[in-house]
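Next come the chains, spelled out residue by residue.
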Number of protein chains: 2
Amino acid sequence: MKKALPPQTILHPHPVLIIGTYGQQGKPNLATASWGGICCSEPPCVAVSFRKATLTYHNIIESKAFTVGIPCSDQAALADYLGMVSGKDENKFERCHLIAQKSAKVNAPFADDFPYTLECKLIHTFEFGLHTQFVGQIVGILADEKILGEGGAPDIEKVKPIIYGSFGSSNYYALGEKLGRAFSLGKKIF
Amino acid sequence: MKKALPPQTILHPHPVLIIGTYGQQGKPNLATASWGGICCSEPPCVAVSFRKATLTYHNIIESKAFTVGIPCSDQAALADYLGMVSGKDENKFERCHLIAQKSAKVNAPFADDFPYTLECKLIHTFEFGLHTQFVGQIVGILADEKILGEGGAPDIEKVKPIIYGSFGSSNYYALGEKLGRAFSLGKKIF
């Protein structure tokens with residue numbers, strides 16, 4: 001028998017995504033988001049949601065592009081900082097000694113410091129209420145060679161991404177042990 | 001210097017979501033999805049994407065509702081199976097000895113076996129290409145009492161969710177060690 005809880009935005013595991021955008025006078029910004037995920041395989045698309053109160057919301061509306069950097073476990077304090085401070089108040093690249101690089105494919109910056117970054121062209125904007133969802137077509141990926149695995153794609157074991165607990169346990173976590181192979185483990189049940 | 005990779009749908013960590021729907025003659029179905037995430041805080045909403053070729057796509061279009069179950073690490077083989085077999089070919093509830101319960105709030109079933117389940121009312125449908133994104137308003141949560149943490153919300157450490165590696169390392173993983181407190185770790189940088 002389950003206990004009925006009120007509606008809450010909880011869906012484990014939550015990702016930790018670092019969104020790069022340009023603002024006025026080409027000022028680069030980074031902001032952490034956890035409301036997001038892949039939303040289409042072809043064209044490859046990612047969705048991220050922001051409140052209108054954020055600088056990133058306005059930057060994406062204006063520049064029609066963003067990057068999505070995936071931080072590693074060692075960068076949890078940095079990722080947390082980038083979600084606590086607004087780019088309206090601070091140049092977060094300078095404050096964190098990050099070097100803003102310009103994507104060659106979209107009008108958005110990224111920090112070379114993260115293991116890999118998706119380069120995204122805005123293709124849809126949906127207003128849902130407090131949050132607006134931006135759907136970006138992934139037009140390229142910039143990755144450290146050392147984090148690549150099968151087929152030349154980023155390998156989660158080498159990336160060592162951060163997992164966010166959200167409500168219930170508001171902590172960051174590392175990736176744990178391997179449970180088994182996808183599209184194989186389930187054959188036990190056939 | 002980063003290596004430029006072709007576009008791919010990779011965004012670590014990927015969630016493992018079990019989507020419950022009713023089909024024709026009220027036949028309950030469960031299907032595993034990894035393309036999804038929270039997309040709005042108020043109203044609380046979750047987005048999940050499916051291909052038109054799936055039974056779940058048609059079931060959501062017809063029933064305008066779905067549930068999102070979060071499996072635990074011990075259920076990795078079950079979650080994998082539910083993503084490998086179509087409900088068109090098999091009654092997955094029966095095959096896996098799961099008991100289909102009806103949500104009291106939306107027209108969708110869930111399996112009592114998962115630590116918690118979101119009950120979702122379809123509010124938007126967006127066609128992106130190969131995938132269609134369904135946005136559900138979370139109208140309730142059904143949870144095991146033993147997995148609740150701070151403020152009565154599901155605690156990721158007690159839920160022990162599954163993390164999917166996707167391309168690059170196509171395995172399932174457990175949650176790892178705690179890295180630090182969110183909205184606190186970043187204060188080091190202030």
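Residues numbered from 1 in each chain as written. Chains lettered and ligands numbered in written order. Predicted model: local features only at pLDDT ≥ 70, side-chain atom pairs only at ≥ 80, totals over all residues.

Novice: Please clarify how the interface of chain B and chain A should be interpreted in this entry.
Specialist: By a widespread convention, an interface's size corresponds to the accessible area lost as its parts come together. In this assembly, 92 residues from chain B lie in contact with 91 residues from chain A. With 11 residues, the single largest contributor to the side of chain B that touches chain A is strand E13 (residues 171–181) of chain B. Of the residues assigned to the side of chain B that touches chain A, the class counts are 53 nonpolar, 24 polar and 15 charged. Inspection of the sheet shows strand E1 (residues 3–5) of chain A paired to strand E11 (residues 131–143) of chain B by three bridges, in the antiparallel sense. Looking at the pairing, A:Ala4 lines up with B:Leu142 of E11(B). (Contact = placed C-beta atoms within 7 Å. Helix = DSSP H or I, 4+ residues; strand = E, 2+ residues; numbered from the N terminus. Nonpolar A, V, L, I, M, F, W, Y, C, P; charged D, E, K, R; others polar. Pairing = 2+ DSSP bridges.)

Novice: Mind showing me how you'd approach the nonpolar core here?
Specialist: Within soluble globular proteins, side chains that are nonpolar generally end up buried alongside one another. The biggest cluster of nonpolar side chains holds 116 residues, and the ones touching the most others in it are A:Cys39, A:Val46, A:Val48, B:Cys39, B:Val46 and B:Val48. Contact partners of B:Val46, with chain neighbours within four places excluded, come to A:Leu11, B:Gly36, B:Ile38, B:Cys39, B:Val68, B:Leu118, B:Cys120, B:Gly136 and B:Ile138. (Core = buried A, V, L, I, M, F, W, Y, C linked by C-beta atoms within 7 Å. Buried ≥ 20, exposed ≤ 12 C-beta atoms within 10 Å, placed from the backbone.)

Novice: I would appreciate a short explanation of helix H2 (residues 76–84) of chain B in the present structure.
Specialist: Two residues of an α-helix separated by three or four positions point the same way, owing to the 3.6 residues in each turn. Among the nine residues of H2(B), seven are classified as buried, and the element is accordingly described as predominantly covered. Those residues of H2(B) that sit buried are B:Ala76, B:Leu78, B:Ala79, B:Asp80, B:Tyr81, B:Leu82 and B:Gly83. Next to the buried residues of H2(B) lie strand E13 (171–181) of chain A together with strand E3 (17–22), strand E4 (28–33), helix H3 (92–95) and E13 of chain B.

Novice: Before we go on, may I ask you to explain the sheet that holds strand E12 (residues 163–164) of chain A in this structure?
Specialist: One key point about sheets: their strands pair by backbone hydrogen bonds, in either a parallel or an antiparallel sense. Taking strand neighbours across the sheet as the criterion, the six strands line up as E2(A)-E12(A)-E13(A)-E13(B)-E12(B)-E2(B) in an open arrangement whose pairing is antiparallel. The open sheet has two free edges, formed respectively by strand E2 (14–15) of chain A together with strand E2 (14–15) of chain B, since each of these has just one partner strand. With two bridges connecting them, E2(B) and strand E12 (residues 163–164) of chain B associate as antiparallel partners. Following the sheet pairing, B:His14 is matched in E12(B) by B:Tyr164.

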